[in-house]
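Reading the structure
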Amino acid sequence: MKGVVFTEFMELVENRMGLEMLDRIITEAKLPNDGAYTSVGTYDHAELVRLVQALSNATGNSVPQLIHMFGEHLFQRFSVNYKPLFADTHNAFDFLARIDDVIHVEVRKLYPDAELPTLPCERPSADTLVMHYSSPRGFGDLAEGLIAGCIRHFGETIAVTRTDLPKEGALHRVRFDLVKQA
Ligand code: HEM
């Protein structure tokens, strides 16, 4: 996983819960590099899970809850840090439908070794979008949080139903059904 995801996570913990909490979870997570990440480096995604697990132990919030919260925050950060990717997109459905073919393709140009999920979308009707998450990493909670952040960014009211599907070989799969609310 790219260091940019780690640095965003650590910044969030520091800003919301303080440096002491950040130090505490870095120690508890027993990271190989003592929590020193550079944004362009690549690290084992299990280290992020260990940090979140440590934060869960310290706060009592569940790991899925914390990853979801992080995803929602991360989207807001992406909207600031990768502004050009938001040009010409004015609603959540159009943006989400572009992740697989455009957004993550651009991300891969920036970071050739990025480990990205596949996120193909269908638009069965004007008011509905179905997104299929598939990845060896099992970050369905992160995807859910990013989707929530995207909806919030565009200021829309969209109901999201998540369905965890059986694994296909090494791939974790989650289906998200999004329905625009009147
Ligand atoms: C401007 C918008 C976005 C940018 C710039 C972006 C960029 C990135 C980056 C840099 C990574 C890390 C890759 C790595 O660690 O090697 C990543 C991973 C990921 N992205 Fe995106 N992303 C965006 C939007 C989204 C949205 C809306 C979703 C919602 C489904 C999404 C789902 C994910 C997930 C779940 C991962 C974790 C890796 C995995 O599960 O395999 N991304 N993205």
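Residues numbered from 1 in each chain as written. Predicted model: local features only at pLDDT ≥ 70, side-chain atom pairs only at ≥ 80, totals over all residues. Heavy atoms only, no water.

**Points about the overall build of the chain**
Secondary structure assignment for the chain yields seven helices and four strands. Relative to its length of 182 residues, the chain is compact, with a C-alpha radius of gyration of 16 Å against a globular reference of 16 Å. Projected onto its principal axes, the C-alpha positions of the chain cover 50 × 35 × 30 Å. In the chain, buried positions account for 42% of the 182 residues. The long-range share in the chain, meaning contacts at least 24 apart out of those at least 6 apart in sequence, stands at 58%. When the accessible surface of the chain is totalled, it reaches about 9,400 Å², and 53% of it is carbon and sulfur. If the 18 positive side-chain charges of the chain are averaged to one point and the 25 negative ones to another, these points end up 1 Å apart. (Helix = DSSP H or I, 4+ residues; strand = E, 2+ residues; numbered from the N terminus. Rg over C-alpha atoms; globule rule 2.2 N^0.38 Å. Buried < 20%, exposed > 50% of the residue type's maximum accessible area, 1.4 Å probe, protein only. Contact = heavy atoms within 4.5 Å. Areas by Shrake-Rupley, 256 points an atom, 1.4 Å probe, with all protein chains shown as cover. Lys, Arg positive; Asp, Glu negative; His and termini not counted. Charge placed at Lys NZ, Arg CZ, Asp CG, Glu CD.)

**Side note on the nonpolar core**
Of all hydrophobic cores here, the largest spans 54 residues; its most connected members are F9, I25, L48, L51 and L178. The element contributing the most residues to this core is helix α1 (residues 3–17), with seven residues. If sequence neighbours within four positions are ignored, L51 has contacts with F6, F9, M10, I25, I26, A29 and L31. (Core = buried A, V, L, I, M, F, W, Y, C linked by side-chain atoms within 4.5 Å.)

**What about the UniProt feature "domain: Heme NO-binding" (unreviewed entry) in the chain?**
Within this numbering scheme, the UniProt entry marks residues 2–161 as carrying the feature "domain: Heme NO-binding" (unreviewed entry). Spanning residues 2–161, this segment combines 57% helix with 11% strand, and its end C-alpha atoms are found 28 Å apart. (UniProt positions renumbered as here; feature names shortened; annotations may be inferred.)

**Some remarks on the pairing of strand β1 (residues 121–125)**
Consecutive residues of a regular strand have side chains that alternate between opposite faces of the sheet. In this sheet, strand β2 (residues 128–135) lies alongside β1 in antiparallel orientation, the contact comprising three bridges. Residue pairing in the sheet places E122 in a bridge with V130 of β2. (Pairing = 2+ DSSP bridges.)

**Quick notes on the sheet that holds β1**
Across the sheet, four strands lie side by side as β1-β2-β4-β3; this open sheet has antiparallel pairing. Only two strands of the sheet have a single neighbouring strand rather than two, namely β1 and β3 (158–168). The average undirected angle you get between the axes of adjacent strands in this sheet is 20 degrees. Packing of helix α7 (residues 140–153) onto the sheet brings it into contact with β2, β3 and β4 (171–180), and relative to β4 it is tilted by some 25 degrees. (Axes fitted to C-alpha atoms, helices over the stretch in contact; angles between N-to-C directions.)

**Notes on the coordination of the iron atom of the ligand**
Any two of four tetrahedral donors ideally make an angle of 109.5 degrees at the metal, while pairs among six octahedral donors ideally make 90 or 180 degrees. A lone protein donor binds the iron atom of the ligand: H104 (NE2), at 2.1 Å. Structurally, H104 is set in helix α6 (residues 99–110). (Donors = N, O, S within 2.8 Å, 3.2 Å for Na, K, Ca; no water.)

**Let's talk about the site of the ligand**
If you check the shell around the ligand, you find 27 residues, and the closest are K2, H104, E115, Y133 and S135. Residue K2 places a main-chain N or O atom 2.6 Å away from an oxygen atom belonging to the ligand. Interatomic distance of 2.6 Å between a side-chain N/O atom of S135 and an oxygen atom of the ligand. Put simply, the parts of the chain that give the shell around the ligand at least two residues each are α4 (63–81), α5 (92–97), α6, β2 and α7. Of the residues assigned to the shell around the ligand, the class counts are 22 nonpolar, two polar and three charged. (Near = heavy atom within 4 Å. Polar contact = N/O pair within 3.5 Å; in protein donor to acceptor, adjacent residues only side chain to side chain. Nonpolar A, V, L, I, M, F, W, Y, C, P; charged D, E, K, R; others polar.)

**Here we look at the environment of M131**
Tracing the chain through its elements places M131 in strand β2. Note: C-alpha distance between M131 and A97 (34 residues apart in sequence) is 8.0 Å. Not counting the four nearest positions on each side in its chain, M131 is found in contact with L96, I99, L119, P120, C121, I147, V174, R175 and F176.

**Regarding the pattern of salt bridges**
As enumerated under the stated definition, the model contains 11 salt bridges in all. Salt-bridge contacts for E8 lead to R77; the nearest nitrogen and oxygen are separated by 2.7 Å. Taken together, the residues span a long stretch of sequence, with E8 in helix α1 and R77 in helix α4 at a distance of 69 residues. Judged by relative accessible area, which is 21%, R77 ranks as partly exposed. In this structure, R162 engages D141 in a salt bridge whose closest nitrogen and oxygen atoms are separated by 2.6 Å. On the criterion of sequence distance, the pair formed by R162 in strand β3 and D141 in helix α7 is long-range, its members being 21 residues apart. For D141, a relative accessible area of 18% gives the class buried. Residues joined in a network through salt bridges with shared partners are D141, E144, R162 and D164. (Salt bridge = Lys/Arg side-chain N within 4 Å of Asp/Glu carboxyl O.)

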